[in-house]
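Coordinate inspection notes
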Amino acid sequence: MTQDEMKKMVAEAALDYVETGTVIGIGTGSTANHFIDSLAGIKNKIDGTVASSRTSAERLAAHGIPVLELNNVSEISVYVDGADESTRNLHLIKGGGGALTREKIVAAVSHKFVCIADASKLVDVLGAFPLPVEVIPMARSYVARELVKRGGQPVYREGFTTDNGNIILDVHNLKIMEPVKLEEDLNNIAGVVTVGIFAKRPADVLLLGAEDGVKKLT
C-alpha cells in the first residue's frame, strides 16, 4: 500500500466523525485534500464548512461544498486536518503547507479535532520535521535571532507568503521535549504570529493509516 493510499484510507475513516446538520472545519494539505474529496460524497449531510486556507476553500467550492466565513459561524462540530508530525500524546507539528495560523484558529473553535495522517507521521519526540513559524515580515531577522538563541536553525521559506500576508521561518534541529512550554515561549516572541506546535490545543483523536488498516489514538 502506498503512502497516498494510506492517506486516502484514513481520510475516508474520518467521515465517521461528520455530524448531520453541522459545520465542519477543513484543514490544508495532501491528506486534507483526500478528506475534502471524500466529503463530497456526503455534502448534503452538512450545513457547510470553514476552510483553513484559500487552497482548501477552492477545492471545496469545486465540489459544490458550501464554504462559510468563520465570523459568521457560531460553532464547528469537528475539525479534520493532517499533520507533519504527531506524538502519542496527540501533540502535533503542523504548517508544512504554510496554513498554520488559520489551522490553529479553526482548531480552537472546534468541539473536536480529528487529525488524520499516515503512520510515518507518528514520532516519539517532535522536531525532526522543521518547525514552521509564521512571522510579520519586518520582524524576520529579529525572530530568527531569537530562535537561534533557543537552539534552532531558522531558514526563511523563500518565495512563500501566507494567506495572511506574512512569511514563514522553518526551524531545524529542535528537539521538542516540552511542546506546551515551547509553544508558549515562541508565541511570546514579538513579531511571531503563531508557531506550528499544536500542543496547548492538541488533537482529540489521531487516525493513522497503516498497512493493516486505520489505527485510532485518543
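Above this text sits the structure in question.
Here the residue numbering is sequential within each chain, running from 1 through the sequence in written order. Reporting in this predicted model follows two pLDDT cut-offs: at least 70 for local features of residues, and 80 or more for side-chain atom pairs to be given and counted; totals over whole chains, interfaces and linings ignore these cut-offs and use all residues. Each side-chain value is worked out from all heavy atoms of the structure, with water and hydrogens disregarded.

Glancing now at the layout of surface pockets. Size it by volume and the largest pocket reaches roughly 250 Å³. Two kinds of site are reported from a 1 Å grid over the protein atoms alone, namely cavities, where a 1.4 Å probe fits but cannot get out, and pockets, open sets with protein on both sides within 12 Å along at least five of seven lines, and residues are called lining when an atom falls within 4 Å of a point. Around the largest pocket, the lining residues are Val50, Ala51, Ser53, Arg54, Ala57, Val67, Leu68, Glu69, Leu70, Arg102, Ile105 and Val106. Along the lines of polarity and charge, the residues of the lining of the largest pocket split into 8 nonpolar, 1 polar and 3 charged. Grid points are joined across faces, edges and corners, and a volume is the space filled by probe spheres set on the points. Of the pockets and cavities examined, the second largest pocket occupies roughly 210 Å³. Taken together, 18 residues form the lining of the second largest pocket, with Thr28, Gly29, Gly82, Ala83 and Asp84 sitting closest to its centre. Sort the elements by how many residues they give to the lining of the second largest pocket and helix H2 (residues 30-39) lands first, with 3 residues. Lys, Arg, Asp and Glu make up the charged group, whereas Ala, Val, Leu, Ile, Met, Phe, Trp, Tyr, Cys and Pro make up the nonpolar group; the residues left over, Gly among them, are polar. Here the residues of the lining of the second largest pocket sort into 3 nonpolar, 9 polar and 6 charged. Comment: elements are numbered from the N terminus, with helices defined as DSSP H or I runs of at least four residues and strands as E runs of at least two.

With that out of the way, let us pick up the environment of Thr28. Tracing the backbone through its elements, the reader meets Thr28 in the loop between strand S1 (23-26) and H2. Thr28 sits 15 residues away from Lys43 along the chain, and the two C-alpha atoms are 18 Å apart. Contacts are assigned to residue pairs that have any heavy atoms within 4.5 Å of one another. What Thr28 contacts, discounting residues up to four positions off in sequence, is Ser52, Ser53, Ser56, Asp81, Ala99 and Glu103. Identification of polar contacts relies on pairs of N or O atoms within 3.5 Å, with a donor-acceptor requirement for protein atoms, meaning one able to donate a hydrogen and the other able to accept it, and with residues adjacent in sequence counted only if both atoms are side-chain atoms. Engagement of the side chain of Thr28 in a polar contact is seen with the side chain of Ser52, the distance being 2.7 Å. Side-chain polar atoms of Thr28 contact the side chain of Ser53, separated by 2.7 Å.

So far we have only geometry, and geometry alone does not tell us how the molecule works.
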